[in-house]
Every structure is written in C-alpha cells, then in structure tokens.
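What follows is each chain in one-letter form.
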Amino acid sequence: MGAEFGYRGKRLGLPEEGPGSIAGTGRRLAAIFIDWMLCYLVAYALIVNRDVSKVNIWIMVLFFLVSVLTLSTAGATPGKKLLGLRVISLNGRRAGIGQVALRTFLLVLAVPALIWDRDGRGLHDKAVGTVEVRV
C-alpha cells in the first residue's frame, strides 16, 4: 500500500536513531516553547515594563535575535540545548549565519514551519538546507 521510504532522515544520510538522527516533533516543539517563553519573560519584565499590550512584538524581535546568535555560534538555542538538539547544515557542519537568519525569519512567519516533508523537516529547514538533529 504505497511506497516504502524508509525511516525519517534516510534520504539525507542520517542515522535512524541516536546522535545525529532527525529530532522528533515533540522535542522540537518543546524547545521552541522554551525559547519563546524565555523571550516572553525577558520582554515582559525588562523591556516593556510589564505592559502586556507591547510585549508581542518584542518577543518576536528577541526570539529572532537569540535564535540567530545562538544557532550561528553554538548550533543550538537555549531550549534546543536543554533538550539535546541542534541545527546543522545538510553537509554536517554548523549552519552559517545567513542560513540561520533566513531559517529563523521563516520560522517567525510560522507557515513554513507548519508544513513538513516525509523526513519531518519544515519548509523553513528545506529552504535553507538545514536539519534539526539529536545531539
């Protein structure tokens, strides 16, 4: 009944399980939630002085900055680091700042992140040639 494509990540040359394998959806969502909440706390408490009407734009700005800085230097945001994930280029190296900036911009738009391929990669990852893997 349909074609057999193998495990997620097989087409990309990644292992089926363990370090270097494609990160699961639940862990990826949990990592983004952690990062978003950290940005919310910083924006709410330190930037907008507890003015809820101004916090949303600052969350997105902080999320973008934190993601670009941490992914391009360490390969992981605080949430990803906490959950044992990292973002790499398809060649196995750390993603460059251009890749990370475009990936994060598309992630903030949300729609590309909500459409996945059979490997579980969102359009934001496919567009820039990255993949989120387990550490």
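Refer to the structure above for everything that follows.
Structure report, in brief. Just so we're clear, the structure is a prediction, and the values are computed from it rather than from any experiment. (Residues numbered from 1 in each chain as written. Predicted model: local features only at pLDDT ≥ 70, side-chain atom pairs only at ≥ 80, totals over all residues. Heavy atoms only, no water.)

1. Quick look at the packing of helix α1 (residues 25-47) against helix α2 (residues 52-73)
Following both chains from N to C, one finds α1 and α2 inclined at 125°, their axes separated by 8 Å at the closest point. Taken together, α1 and α2 sit at an angle that is classed as oblique. Pair α1 / α2 crosses with right-handed handedness. Counting all contacts with α1, which are made through Ile32, Asp35, Trp36, Cys39, Tyr40, Val42, Ala43, Tyr44 and Ile47, the residues of α2 involved are Val52, Val55, Trp58, Ile59, Met60, Leu62, Phe63 and Val66. Broken down by class, the residue content of the contact of α1 with α2 amounts to 16 nonpolar, no polar and one charged. (Axes fitted to C-alpha atoms, helices over the stretch in contact; angles between N-to-C directions. Helix = DSSP H or I, 4+ residues; strand = E, 2+ residues; numbered from the N terminus. Parallel < 35°, antiparallel > 145°, perpendicular 65-115°, else oblique. Left-handed = near helix turned anticlockwise from the far one by under 90°. Contact = heavy atoms within 4.5 Å. Nonpolar A, V, L, I, M, F, W, Y, C, P; charged D, E, K, R; others polar.)

2. With respect to empty space enclosed by the protein
The full count for this structure, using the stated rule, is one cavity of 30 Å³ or more. Here the largest cavity is characterised by a volume of approximately 40 Å³. Along the walls of the largest cavity sit Ile32, Asp35, Phe63, Ser67, Leu71, Thr77, Lys80, Arg103, Thr104 and Leu107, which together make up its complete lining. Sorting the residues of the lining of the largest cavity by element identifies α1, α2 and α4 (97-109) as the ones contributing at least two each. (1 Å grid on protein atoms, 1.4 Å probe; cavity = no way out; pocket = protein on both sides within 12 Å on 5 of 7 lines; lining within 4 Å. Points joined across faces, edges and corners; volume = space filled by probe spheres on them.)

3. A closer look at a nonpolar patch on the surface
A surface patch of nonpolar side chains, amounting to about 1100 Å² of accessible area, comprises Phe33, Trp36, Met37, Val42, Leu46, Ile47, Ile57, Trp58, Met60, Val61, Leu65 and Leu69. For the nonpolar patch, the secondary structure elements donating two or more residues are α1 and α2. Tracing the backbone through its elements, the reader meets Met60 in helix α2. By relative accessible area, Met60 is classed as partly exposed at 33%. (Patch = residues over 30% accessible without salt bridge, like charges linked within 9 Å, V, L, I, M, F, W, Y side chains within 5 Å. Areas by Shrake-Rupley, 256 points an atom, 1.4 Å probe, with all protein chains shown as cover. Salt bridge = Lys/Arg side-chain N within 4 Å of Asp/Glu carboxyl O. Buried < 20%, exposed > 50% of the residue type's maximum accessible area, 1.4 Å probe, protein only.)

4. Here's the deal with the side chain of Asp119
Note that Asp119 resides in the loop between α5 (111-114) and α6 (123-128). Of the residues examined, Asp119 reaches a relative accessible area of 2% and is grouped as buried. Within polar-contact distance, the side chain of Asp119 engages the backbone nitrogen of Gly9 at 2.9 Å. When sequence neighbours within four positions are dropped, the list of residues in contact with Asp119 reads Tyr7, Arg8, Gly9, Lys10, Arg11, Leu12 and Ile22. (Polar contact = N/O pair within 3.5 Å; in protein donor to acceptor, adjacent residues only side chain to side chain.)

5. As for the nonpolar core
Core analysis: the largest hydrophobic core is formed by nine residues, namely Cys39, Ala43, Val48, Val55, Ile59, Leu62, Phe63, Leu107 and Ala113. Elements supplying a minimum of two residues to this core: α1 and α2. With four residues, the top contributor of residues to this core is α2. Contact partners of Ala113, with chain neighbours within four places excluded, come to Leu107 and His124. (Core = buried A, V, L, I, M, F, W, Y, C linked by side-chain atoms within 4.5 Å.)

6. Notes on the pairing of strand β1 (residues 85-89)
Counting buried residues in β1 gives four out of five residues, a clear majority hidden from the surface. Bridging between β1 and strand β2 (residues 130-134) involves five bridges; their strand directions are antiparallel. When the sheet's bridge partners are listed, Leu85 is paired in β2 with Arg134. (Pairing = 2+ DSSP bridges.)

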